[in-house]
Number of protein chains: 2
Amino acid sequence: MKHLLIVAHGSRREASNDEVRRLAERIAGLPEASRFSSVRAAFLELAAPSIPDGIQQCVDAGATQIAVFPYFLSAGRHVVSDIPTEVAVKQQEYPDIDIHITPWLGSADTVADLILQIVKHPEHTA
Amino acid sequence: MKHLLIVAHGSRREASNDEVRRLAERIAGLPEASRFSSVRAAFLELAAPSIPDGIQQCVDAGATQIAVFPYFLSAGRHVVSDIPTEVAVKQQEYPDIDIHITPWLGSADTVADLILQIVKHPEHTA
């Protein structure tokens, strides 16, 4: 039972938080996401669920493995320190569940390809 | 002479700004970017060059067309208002140059695919 948790910063602007929730739903709907029992969104601050609550939702749903994906562009304090700290607390609470943090969005080499796709085919956007 | 300007928020953490500059260089090195005479980075605040200065660099390099790409995850105030305002000032200054803003990063449907690639092949990251 592998679950994917998309972690965003969270915004006072609820529309931005909804964008992230819709993104999680869109990912869940992709054929390649079938190996995940669920794809959920969680937020570092300003929106719900929090990271611990998001992890707990996965645990309650029977997760044995949880991939935490930082939906962040750069490796600032949030990616380097805040997210790992919150994840570590839940990992300690559930030592038998494998909770790991994946590379953050901005770290992917393929972001460059994606940008070229966007500026070439702007119609392929939400 | 088409130029691409990658516009990021800008950070007090210079390493984050350098990540964006390296991203612009990486894009410039891709075969599909050959239709752009240059790919540069610019910043809304906290880092140089500013958006007007970045556009000016393109103009000075002979641009007839400038694509401004918002390297942002959500359509907050910066994407909806601040970037368009700064671009409009330069567009007014150079009415014969086509300066247009492309969809922002987070708007692309394919971000979902990219995220699945990252969580599947974490080794494919910088």
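Residues numbered from 1 in each chain as written. Chains lettered and ligands numbered in written order. Predicted model: local features only at pLDDT ≥ 70, side-chain atom pairs only at ≥ 80, totals over all residues. Heavy atoms only, no water.

What about the overall build of chain A?
So, point 1. Summing up its helical and strand segments, chain A has four helices and four strands in all.
So, point 2. Listing each helix as α and each strand as β along chain A from the N terminus yields β-α-β-α-β-α-β-α.
So, point 3. A compact globule built from 126 residues would reach a C-alpha radius of gyration of about 14 Å, and chain A, at 15 Å, matches this within 12%.
So, point 4. Along the first, second and third principal axes, the C-alpha atoms of chain A reach 45 × 30 × 30 Å.
So, point 5. Classification of the 126 residues of chain A by burial places 51% in the buried group.
So, point 6. For chain A, the accessible area works out to roughly 5700 Å², and carbon and sulfur atoms hold 53% of it. (Helix = DSSP H or I, 4+ residues; strand = E, 2+ residues; numbered from the N terminus. Rg over C-alpha atoms; globule rule 2.2 N^0.38 Å. Buried < 20%, exposed > 50% of the residue type's maximum accessible area, 1.4 Å probe, protein only. Areas by Shrake-Rupley, 256 points an atom, 1.4 Å probe, with all protein chains shown as cover.)

Notes on the relation of the copies chain B and chain A
So, point 1. For the pair chain B and chain A, the relating rotation is 180 degrees, the translation along its axis is 0.0 Å, and the fit reaches an RMSD of 0.0 Å. The relationship between the two copies is best expressed as a two-fold rotation axis. (Least-squares fit on C-alpha atoms with pLDDT ≥ 70 in both.)

With respect to the packing of helix α4 (residues 111-120) of chain A against helix α1 (residues 14-28) of chain B
So, point 1. It is at 9 Å that the axes of α4 of chain A and α1 of chain B come closest, and there the two elements cross at 70 degrees. Considering their axes alone, α4 of chain A and α1 of chain B lie roughly perpendicular with respect to each other. Of the two elements, α4 of chain A crosses α1 of chain B, and the hand of that crossing is right-handed. Along its contact with α4 of chain A, which presents Val111, Ala112, Ile115 and Leu116 of chain A, the element α1 of chain B presents Leu23, Arg26 and Ile27 of chain B. (Axes fitted to C-alpha atoms, helices over the stretch in contact; angles between N-to-C directions. Parallel < 35°, antiparallel > 145°, perpendicular 65-115°, else oblique. Left-handed = near helix turned anticlockwise from the far one by under 90°. Contact = heavy atoms within 4.5 Å.)

Let's talk about the side chain of Lys90 of chain A
Residues and elements named next belong to chain A.
So, point 1. By the element assignment, Lys90 lies in helix α3 (residues 77-93).
So, point 2. Exposure remark for Lys90: the relative accessible area of 7% places this residue in the buried category.
So, point 3. Once you skip the residues sitting within four places of it in the chain, Lys90 turns out to touch Pro52, Ile55, Gln56 and Ile99.

Overview of the pairing of strand β3 (residues 65-70) of chain B
Residue and element names in this part refer to chain B.
So, point 1. The buried fraction of β3 amounts to five of the six residues, a majority that puts the element mostly inside the structure.
So, point 2. In the sheet, strand β1 (residues 2-8) pairs with β3 via six bridges, with the strands oriented parallel. Bridging across to β3, Val7 finds its partner in Pro70.
So, point 3. As judged from the four bridges shared by β3 and strand β4 (residues 98-101), these two strands associate in the parallel manner. Each bridged residue has a counterpart across the sheet, and for Ala67 the counterpart in β4 is His100. (Pairing = 2+ DSSP bridges.)

Section: the nonpolar core
So, point 1. Among the nonpolar cores identified, the biggest contains 54 residues, and Tyr71 of chain A together with Tyr71 of chain B are the most heavily contacted of them.
So, point 2. Leaving out residues up to four positions away in the same chain, Tyr71 of chain B has contacts with Leu73, Gly106, Val111 and Ile115 of chain A together with Ile6, Val7, Ala8, Val20, Leu23 and Leu105 of chain B. (Core = buried A, V, L, I, M, F, W, Y, C linked by side-chain atoms within 4.5 Å.)

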